[in-house]
2 protein chains.
Amino acid sequence: MDRIPVLQMGKFLLVTIQVDLYDRLALNLESDLVQMVNKTGARGVLIDISALSIVDSFMGRIIGNIGSMSKIMDAETVVVGIQPAVAITLVELGLELKGVSTALNVEKGMALLRRKIGSFEDTQEEEHDDNSVE
Amino acid sequence: MDRIPVLQMGKFLLVTIQVDLYDRLALNLESDLVQMVNKTGARGVLIDISALSIVDSFMGRIIGNIGSMSKIMDAETVVVGIQPAVAITLVELGLELKGVSTALNVEKGMALLRRKIGSFEDTQEEEHDDNSVE
């Protein structure tokens, strides 16, 4: 497999990462995602990593890259399904996942994205992003 | 990896199959899915196979099994993202994907599921399942 599918669901794109990312897979994912954001006008990107039991600095960097790229394309990125062990590793490795928010699962991630997009479109609405790790 | 994540999105469950299924992975997926249907009361199961460029008779049988199991649990199954080559292979292998509907992509699959569930809940509503391969 050299490509991770990017699924469109309304205004959002969903990516489930189930295997460890290696160089080409990561580059393909980055380019597929920005192209999909461009083509579909998506406002949010959901990345589900619930299948990953470990995460390394490379993976952390790629997720950060995706967040930054999406931001430039005017889309928010939310990482969901972070396993407890992965959360521990992220902190111990000192990985910050800059520009990326997190949520417990896909449903909560979607709700967070809707709030974020809504609060951009309607700035007087208050934002309650308790899960933000920005 | 010995588990494919099952994502809950409202009334639906979403599974993206990105790797070839082997015995244990397939059994885990089947049991995870029925448990999730039971736990969440999901009415529909979406299986995205857009990452698969080939499909064999084992995979076809597993998808058929999932469809039958979900049906017993009162949930509809829709397979989405079937690549042209996979469609050709399915027909040439004589695999029927019994009890499973298909749609071009996740969005159309969700629309199909909504129509199906709606039509069950409201029987006087007409059903237009052009993509059904039942």
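Residues numbered from 1 in each chain as written. Chains lettered and ligands numbered in written order. Predicted model: local features only at pLDDT ≥ 70, side-chain atom pairs only at ≥ 80, totals over all residues. Heavy atoms only, no water.

Chain A is annotated in an unreviewed UniProt entry as STAS domain-containing protein from Chitinophaga agrisoli.

Okay, the overall build of chain A next. Helix and strand counts for chain A stand at 4 helices and 5 strands. The proportion of buried residues among the 134 residues of chain A is 49%. Long-range contacts, defined here as pairs at least 24 residues apart, represent 71% of the contacts in chain A between residues at least 6 apart. If you sum the accessible surface of chain A, you get close to 6,600 Å²; carbon and sulfur atoms cover 52% of it. (Helix = DSSP H or I, 4+ residues; strand = E, 2+ residues; numbered from the N terminus. Buried < 20%, exposed > 50% of the residue type's maximum accessible area, 1.4 Å probe, protein only. Contact = heavy atoms within 4.5 Å. Areas by Shrake-Rupley, 256 points an atom, 1.4 Å probe, with all protein chains shown as cover.)

Turning to its location among the elements, aspartate 48 of chain A is positioned in strand E3 (residues 44–48). Salt bridges are absent for the buried aspartate 48 of chain A, whose nearest opposite-charge side chain, arginine 3 of chain B, sits at 13 Å. If near-sequence neighbours (up to four positions away) are discounted, aspartate 48 of chain A is found in contact with Val15, Thr16, Ile17, Val80, Gly81 and Val106 of chain A together with Pro5 and Leu7 of chain B. (Lys, Arg positive; Asp, Glu negative; His and termini not counted. Salt bridge = Lys/Arg side-chain N within 4 Å of Asp/Glu carboxyl O.)

All names here are of chain A. For aspartate 74, which is not glycine, the phi dihedral falls at a positive 65 degrees. Along the polypeptide, aspartate 74 turns up in the loop between helix H2 (57–72) and strand E4 (76–80). With relative accessibility at 48%, the residue aspartate 74 sits in the partly exposed group.

Superposition record for chain A on chain B: RMSD 0.0 Å, screw rotation 180 degrees, translation along axis 0.0 Å. Taken together, the rotation and translation describe the operation of a two-fold axis. The residues that chain A uses at the interface reappear at the interface of chain B in 100% of cases, marking a shared surface. (Least-squares fit on C-alpha atoms with pLDDT ≥ 70 in both.)

Side chains that differ in sign of charge can pair as their charged atoms come close. Residues and elements named next belong to chain A. With the rule as written, the count across this model stands at 8 salt bridges over all chains. The salt bridge partner of arginine 3 is aspartate 32, with a shortest N-O separation of 2.6 Å. A residue pair is termed long-range when its members are at least 10 positions apart, and arginine 3 in the segment before strand E1 (6–9) and aspartate 32 in helix H1 (residues 23–40) qualify at 29 residues. Here the salt bridges do not stand alone but share partners, grouping Lys71, Glu76 and Lys116 into one network.

All names here are of chain A. If you trace the 5 strands from one edge of the open sheet to the other, you get E1-E2-E3-E4-E5, paired in mixed fashion. Single-partner strands in this sheet number two, and they are E1 and strand E5 (101–103). The average angle at which neighbouring strand axes cross in this sheet is 25 degrees, direction not considered. In terms of strand pairing, E1 meets strand E2 (residues 12–16) through 4 bridges, oriented antiparallel. Residue pairing in the sheet places valine 6 in a bridge with valine 15 of E2. Docked against the sheet, H2 engages E3 and E4, running at close to 150 degrees with respect to E4. (Pairing = 2+ DSSP bridges. Axes fitted to C-alpha atoms, helices over the stretch in contact; angles between N-to-C directions.)

Glancing now at the side chain of glutamate 30 of chain A. All names here are of chain A. Looking at where glutamate 30 falls in the secondary structure, it is placed in helix H1. Buried glutamate 30, no salt bridge; nearest opposite-charge side chain is arginine 61, N-O distance 6.5 Å. Look past the residues within four positions of glutamate 30 in its chain and what remains in contact with it is Ile62, Asn65, Ile66 and Met69.

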